[in-house]
Amino acid sequence: MLIERRWKKWVYFYIPLTLFLVGTLFPFYWMVITAIRPDSELYRSWRAVNNTPFWTLAPTLEHFRDLLAKTTFPYWLWNTFFIAIVSTAISLFCGLLAGYALARLKFPMAGMLGTSIFVTYLVPPTLLFIPLADIIRNFQLGNTPWALILTYPTFLIPFCTWLLMGYFKTIPKELEECARIDGATRFGAMIRIIFPIAVPGILSAGIFAFTLSWNEFIYALVFLSSPERKTVPVGVVSEMIRGDIYFWGQLMAGALLGSIPVALVYSFFVEYYVTGLTGSVKG
Amino acid sequence: MKKIIAGGSSNATGLQVALPRTHLQPRRSTRLLESEGLLAGLLLTPTVVLLGIFIAYPFVMGVWLSLSNTSVGNPGEFVGLRNFVKAWNDSIFQTAFWNTVYYTFFATILKLALGMWLALLLNRHFRGKRIVRASMLLPFIIPTVLSTFAWRWMFDPTFSVLNWLLYRVGFITTKIPFLSDGDYGMWCAIVVNTWRGMPFFAITLLAGLQTISTDLQEAASLDGANGWQRFWRVTWPLLKPVTLVVVVFSIIQTFSDFQLIYVLTGGGPANSTHLLATYAYQVGVATGLLGEGAAISLFMLPVLFIVVWVQLRYLRRLEAA
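Conventions and cut-offs
- Residues numbered from 1 in each chain as written.
- Chains lettered and ligands numbered in written order.
- Predicted model: local features only at pLDDT ≥ 70, side-chain atom pairs only at ≥ 80, totals over all residues.
- Helix = DSSP H or I, 4+ residues; strand = E, 2+ residues; numbered from the N terminus.
- Rg over C-alpha atoms; globule rule 2.2 N^0.38 Å.
- Buried ≥ 20, exposed ≤ 12 C-beta atoms within 10 Å, placed from the backbone.
- Contact = placed C-beta atoms within 7 Å.
- Core = buried A, V, L, I, M, F, W, Y, C linked by C-beta atoms within 7 Å.
- Domains from an automatic or database assignment.
- Axes fitted to C-alpha atoms, helices over the stretch in contact; angles between N-to-C directions.
- Parallel < 35°, antiparallel > 145°, perpendicular 65-115°, else oblique.
- Left-handed = near helix turned anticlockwise from the far one by under 90°.
- Nonpolar A, V, L, I, M, F, W, Y, C, P; charged D, E, K, R; others polar.
- Expected span 1.5 Å × (residues − 1).
- pLDDT = per-residue confidence, 0-100.

Looking only at helices and strands, chain A has 15 helices and two strands in total. In terms of C-alpha radius of gyration, chain A reaches 24 Å, well past the compact-globule figure of 19 Å for 283 residues. Overall, chain A is about 80 × 65 × 30 Å in size when its C-alpha atoms are taken along their principal axes. The buried share of chain A, reckoned over its 283 residues, is 44%. By sequence separation, contacts in chain A at least 24 residues apart represent 79% of the contacts at least 6 residues apart.

This part takes up the overall build of chain B. Helix and strand content of chain B: 16 helices and zero strands. Looking at chain B residue by residue over its 321 residues, the buried ones come to 39%. A separation threshold of at least 6 residues defines the contact pool for chain B, and within that pool the share at least 24 residues apart is 69%.

Take the nonpolar core next. Ranked by size, the top nonpolar core spans 150 residues in total, and within it Leu164(A), Met252(A), Ala202(B) and Leu276(B) carry the most contacts. Examining the composition of this core, we find that 13 residues originate from one element, helix 4 (residues 73–104) of chain A, more than from any other. Residue contributions to this core reach at least three from each of two domains, namely domain 1 (2–66) and domain 2 (89–320) of chain B. Apart from the residues within four sequence positions on either side, Ala202(B) is in contact with Gly115(B), Leu118(B), Ala119(B), Leu122(B) and Met136(B).

What follows covers the packing of helix 8 (residues 153–170) of chain A against helix 3 (residues 36–66) of chain B. Between helix 8 of chain A and helix 3 of chain B, whose axes approach to 10 Å, the crossing angle comes to 140°. Relative to helix 3 of chain B, the element helix 8 of chain A lies oblique. Judged by the twist between their axes, the crossing of helix 8 of chain A over helix 3 of chain B is left-handed. When helix 8 of chain A is examined against helix 3 of chain B, the residues Pro153(A), Thr154(A), Ile157(A) and Thr161(A) are found in contact with a partner set consisting of Thr47(B), Leu50(B), Leu51(B), Phe54(B) and Ile55(B). For the contact of helix 8 of chain A with helix 3 of chain B, a count of residues per class yields six nonpolar, three polar and no charged.

Residue and element names in this part refer to chain B. Across the interface, helix 5 (residues 91–122) lies against helix 12 (residues 227–255) with an axial gap of 9 Å and an inter-helix angle of 145°. The two elements helix 5 and helix 12 cross, and the hand of that crossing is right-handed. Here Thr100, Tyr103, Thr104, Ala107, Thr108, Lys111 and Leu112 of helix 5 come into contact with helix 12, specifically with Val247, Ser250, Ile251, Thr254 and Phe255.

Before going further, it helps to spend a moment on the environment of Val48(B). Residue placement: Val48(B) occurs in helix 3. Each C-alpha atom of the pair Val48(B) and Trp164(B) lies 54 Å from the other, and the pair is 116 residues apart in sequence.

In many analyses, interface size is given as the accessible surface area lost on bringing the parts together. At the interface, 77 residues of chain A touch 77 residues of chain B. No other element matches helix 1 (residues 6–35) of chain A, which puts twelve residues into the side of chain A that touches chain B. Across the side of chain A that touches chain B, the residue classes tally to 58 nonpolar, 16 polar and three charged.

Time to look at the environment of Leu43(B). Inspection of the secondary structure assignment puts Leu43(B) in helix 3. Setting aside residues up to four positions removed in sequence, Leu43(B) forms contacts with Leu97(A), Ala98(A), Tyr100(A) and Ala101(A).

This part covers unusual backbone geometry. Generally, phi is negative for residues other than glycine and the peptide bonds are trans, each holding for most cases. With an omega of -5°, the peptide bond between Gly268(B) and Pro269(B) qualifies as cis. Along the chain, the position of Pro269(B) falls in the loop between helix 13 (259–264) and helix 14 (276–286). Look at Asn143(A): it is not a glycine, yet its phi comes out positive at around 65°. Residue position: Asn143(A) is located in the loop between helix 6 (125–138) and helix 7 (145–151). For Asn271(B), which is not glycine, the phi dihedral falls at a positive 60°. The topology assignment puts Asn271(B) in the loop between helix 13 and helix 14.

Another point: helix 15 (residues 290–298) of chain B. Burial of helix 15 of chain B is extensive: nine of the nine residues sit out of reach of the surface. Taken as a whole, helix 15 of chain B has its buried residues at Leu290(B), Gly291(B), Glu292(B), Gly293(B), Ala294(B), Ala295(B), Ile296(B), Ser297(B) and Leu298(B).

Time to look at helix 6 of chain A. All names here are of chain A. Over its 14 residues, helix 6 runs 19 Å from end to end, which matches the ideal 20 Å to within 8%, given 1.5 Å per residue. Counting buried residues in helix 6 gives ten out of 14 residues, a clear majority hidden from the surface. Here helix 6 has its buried residues at Thr126, Leu127, Leu128, Phe129, Ile130, Pro131, Leu132, Ala133, Asp134 and Ile136. Among the residues trailing helix 6, Gln140 stands out with phi positive, at a value near 60°.

All names here are of chain B. Mean pLDDT over chain B works out to 86, with 89% of the residues at or above the 70 mark. Averaged over each element, pLDDT in chain B is lowest for helix 1 (residues 2–24) (40) and highest for helix 5 (96). Ignoring residues within four places in sequence, the model shows residues 1–26, a span with pLDDT below 50, making 27 contacts including any to other chains. Here the complex is predicted with pTM 0.89, and the ipTM for its interfaces comes to 0.91.

Here we come to the environment of Leu212(A). Residue and element names in this part refer to chain A. Structurally, Leu212 is set in helix 11 (residues 199–215). Remark: the alpha-carbon pair of Leu212 and Leu156, spanning 56 residues in sequence, is separated by 7.9 Å. Apart from the residues lying within four places of it in its own chain, the contact partners of Leu212 are Phe155 and Leu156.

So this is what it looks like as structure tokens:
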């Protein structure tokens, strides 16, 4: 191994890493401290002598109580959850089948289809939201969860297909061939042999897709209009700012509660998430 | 795009032929699925149908909208390239366009530099590595809108904690107008974007770094290469392919960014921080001029196209070499 002097290790390693950590985590700390700070402390001039911005002397849950009682936040949380789960399930289903077909089967236009799916992967939602809004309106889907459940797969399926295709390619063909010699059909071998082996890949794709749909904003902003139908990000933006007035305590409480479910899912499956993330860019 | 739809429908007709036979001889159906082409068609149908309806069709529709004067409640008629010409001569559009280029350029450079640095730090062995790596990814997991609100609060004109900190340390005597000035606002957005996107760079580059054998580093070190030379001559060339892919993904996402600006500045003050996407939203959705909005968002297409083309070409060359 390369040998380093102690002061060098501090300068080149510990100090930069600590700075990175502080920079990364400070906004979250700030979210928490704002959410539990009483209003009287929150809006104190920045030059006031008794200003203690980095901690609070009288923590309170008042903002959380207001958030849950006075806004439709619980609905938003449920909507976001429901939409994320269903659109992830649809995308996994499509991605599994398509990924298997592209990885294993020989058929005309296979290459072209694979490339088209890759290209749709690179189409950003902001390019299409205006015509899509029109289409959603024509399909009478506006202001329903289905508007999002059906459109989220447009950016989730290409990703799931891509990731799972890569995963299927790593499974040796012989496994399938053995099953088929034993009399299994191609379809049966796919369902009973290949899919169970691919469970880690499916989990990675699922976790990643879930966080992506939890994070989605522009479609939800454009397609939903009544307050109780909204998702967390849209609800926080459009319902918690009245005119020019920001209720920062409530806002940060909402941001915190809205982040916790996805952070929890992430913390349980960090390794799968990282596999999904790094797999998402393997060309 | 047209061909995919054609492929989908030919699969459907193939199925219709298959169905009556299955009625008579159940065994036949399973044998038909042994045909790779037919099975592939069946497996790909859900994907092709969904992407056809919600990507290909909106795309065609978007092109049509951009060539028409459609607005909410008015079906509109063909007006040629008038929307594009109008946008091009519009001073707000020009600001938005250059902002988008500026924002993408600086945010991507910063994300790459900091992400690479962080990846190199995380590639070493130390205690608590897993938890450090997991918490570094948090900005990327937490919904952008929600974390951007925390930043917006930190940049608040009256109660900014950053101003307080800088004032206490003695760097400033008057407040920095973080979001109430266009130039500062743009840089605030770049900082937040970097904060959010850097972990993605760091983690993917780290995955790339872990595939590089440490033997190479040690060999270079024995030959007398210092840390910088080892990075520049050994690590960087091997990391180039991963880096290129990550940069392309990041450029696409940054160039088409919407939510960050929407929450942080809303395009203001005085339309000075709009990006193409936020301006398209303002014109197309908030004002209801669907045609003009669609034209503005289509201005993203050439840039995205070039970026994707460069990537595909580079990957091909890499495979050929």
